[in-house]
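Structural description and commentary
The chain contents come next:
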Amino acid sequence: MSKSKENINNGSCPEYKKCGGCQLQNMTYEEQLKYKQNKVDRLLKKFRKPLPIKGMDNPYHYRNKVQAAFRTLRNGKIVSGVYQSGSHHIVSIDSCQIEDVTADKIIVAVRKLLPSFKLSAYNEDTGRGFLRHVLVKRGFATNQTMLVLVTGTPVFPSRNNFVKAICKQFPEITTVVQNVNPYRTNLVLGNNQKVLFGKGYIEDILCGCRFRISPKSFYQINPVQTEFLYNTAMDFAELKGNETVLDAYCGTGTIGIVAAKRGAGRVIGVELNPDAVKDAISNAKANNLKNIRFYKGDAGKFMESAADEKEKPDVVFMDPPRAGSDETFLNSLIKMSPKTVVYISCNPETLARDLDYLTANSDYKVQKIQPVDMFPHTAHIECVCLISRQ
Ligand code: SAH
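Given the structure is predicted, the values throughout are model-derived calculations rather than measurements.

Focus on helix H10 (residues 327–336)
Inspection of H10 places Phe329, Leu330, Ser332, Leu333 and Met336 among the buried residues, and these make up the whole buried set. One side of H10 holds all its buried residues, which, seen down the axis, span an arc of 165°. Those residues of H10 hidden inside the fold are in contact with strand S10 (244–248), helix H9 (299–308), strand S13 (315–318), strand S14 (340–345) and helix H11 (348–360). Trailing H10 by a residue or two, serine 337 shows a phi angle of about 55°, which is positive.

As structure tokens, this is what we get:
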């Protein structure tokens, strides 16, 4: 057992209770893995006994995407950090055990720069003030770094000098984006964006493929574990070449692109978020793949019309959000009858619900379940399932 797996934690984060982000901080990492194994066993063993959970050798600072809320206090001091769980009170945080260290440093540096540029932080009560949130995304394999400044107003005094100052401190910053969010909303990002420096996106490398990440698009936040997750999904799919593969809930197309690189004959991806679809299309180009098409839309509706058009994929990868899939999707899946279904889930509860429906309404059987610890110290659990008729 590596040292880090033994016991570093035990609630060692001083903000553990207030922040609420790491629900399992009171356990050692070893205990966390046991807890997660027990949970998936309990929820899923009726379908198939889950394999042992894949944990991390070093379960710290794994998050490649970090965001902080900013606020000016009554005494004029600017604080940044996370919302206290269930409230809009900001817990001031400069570093976090699960976040990327450089990303945390950039956020602190932005905060320290604000006063010298006479820039304020947003005030939720009055709706006034400048900086609302800072979002940093990092490509762990490329070291490319994106800084997104979310502001309440489009006006950004001394914009160029501010960007110069922060980039001077952090040469790894390859792009800076201003996102304007003037609304009274819980959403971090608004609709208007302006690239202040660089290309407006970063790239990362995963499973030998290059991926573009833009401010709004989804990208797995733990790249180390994602490689294992995707490799497991590919092993389960047993691609021999020339298969038609459907990548449902495809995000920026990562799973479909890895499948295409591993020899799939033709790949179709479907995704609801238009920014992610755009990234998926450029990702396919960046990887020189011509046998892959991405569609924007609801995966269930897309499956329904694809089934009506007698589309016959050999392999369906599905990776829905926490809410899981829906009956429209699952009914069409049964109708299309692919040889292999690989279900990647970030919520074992909705996975169990969907597997219940699928196994009750077809002769598909769950063949393998591999839990993966994508989110150490939090209660979240990821699983990859192989579903087929054999
Ligand atoms: N497979 C990708 C993304 C998984 S996250 C990856 O590994 O990176 C789930 C994705 O489902 C998100 O990109 C989200 O935008 C998308 N999504 C959510 N609801 C959807 C729906 N009804 N139809 C299609 N895509 C949906």
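Considerations on the sheet that holds strand S1 (residues 65–72)
Sheet architecture is open: seven strands sit in the order S3-S2-S1-S4-S5-S6-S7, paired in mixed fashion. The sheet is open, and its two edges are formed by strand S3 (90–92) and strand S7 (192–197), each paired on a single side. Taking each pair of neighbouring strands and ignoring which way they run, the sheet shows an average axis angle of 35°. Examined bridge by bridge, strand S4 (residues 131–138) and strand S5 (residues 145–151) share seven bridges and lie antiparallel to one another. Bridged to lysine 137 within S5 is methionine 146. Together, S1, strand S2 (78–83), S4, S5 and strand S6 (173–180) form the strand contacts of helix H4 (residues 101–113), whose direction differs from that of S4 by roughly 150°.

Some remarks on the sheet that holds S13
Pairing is mixed across the open sheet formed by seven strands, whose spatial order is S12-S11-S10-S13-S14-S16-S15. The open sheet has two edge strands with one neighbour each: strand S12 (292–296) and strand S15 (365–372). With strand direction ignored, the average angle separating the axes of adjacent strands in the sheet is 15°. Where S13 and S14 come together, four bridges link them in parallel fashion. Among the inter-strand pairings, valine 316 is bridged to a residue of S14, identified as valine 341. In this fold H10 packs onto S10, S13 and S14, with an angle of close to 165° to the strand it touches most, S13.

Description of the nonpolar core
Membership of the largest hydrophobic core comes to 57 residues, with the highest contact counts inside it found for Leu239, Val245, Phe294, Phe317, Val342 and Val384. Not counting chain neighbours up to four residues away, the residues in contact with valine 342 comprise Ala233, Phe236, Ala237, Val316, Phe317, Met318, Val384 and Cys385. If you look at the next biggest cluster of nonpolar residues, it comprises 34 residues, including Val40, Ala248, Ile268 and Ile369.

Rules used in this analysis
- Residues numbered from 1 in each chain as written.
- Predicted model: local features only at pLDDT ≥ 70, side-chain atom pairs only at ≥ 80, totals over all residues.
- Heavy atoms only, no water.
- Buried < 20%, exposed > 50% of the residue type's maximum accessible area, 1.4 Å probe, protein only.
- Helix = DSSP H or I, 4+ residues; strand = E, 2+ residues; numbered from the N terminus.
- Arc of directions from axis to C-beta.
- Contact = heavy atoms within 4.5 Å.
- Pairing = 2+ DSSP bridges.
- Axes fitted to C-alpha atoms, helices over the stretch in contact; angles between N-to-C directions.
- Core = buried A, V, L, I, M, F, W, Y, C linked by side-chain atoms within 4.5 Å.

Function-wise, these values are silent; they only describe arrangement.
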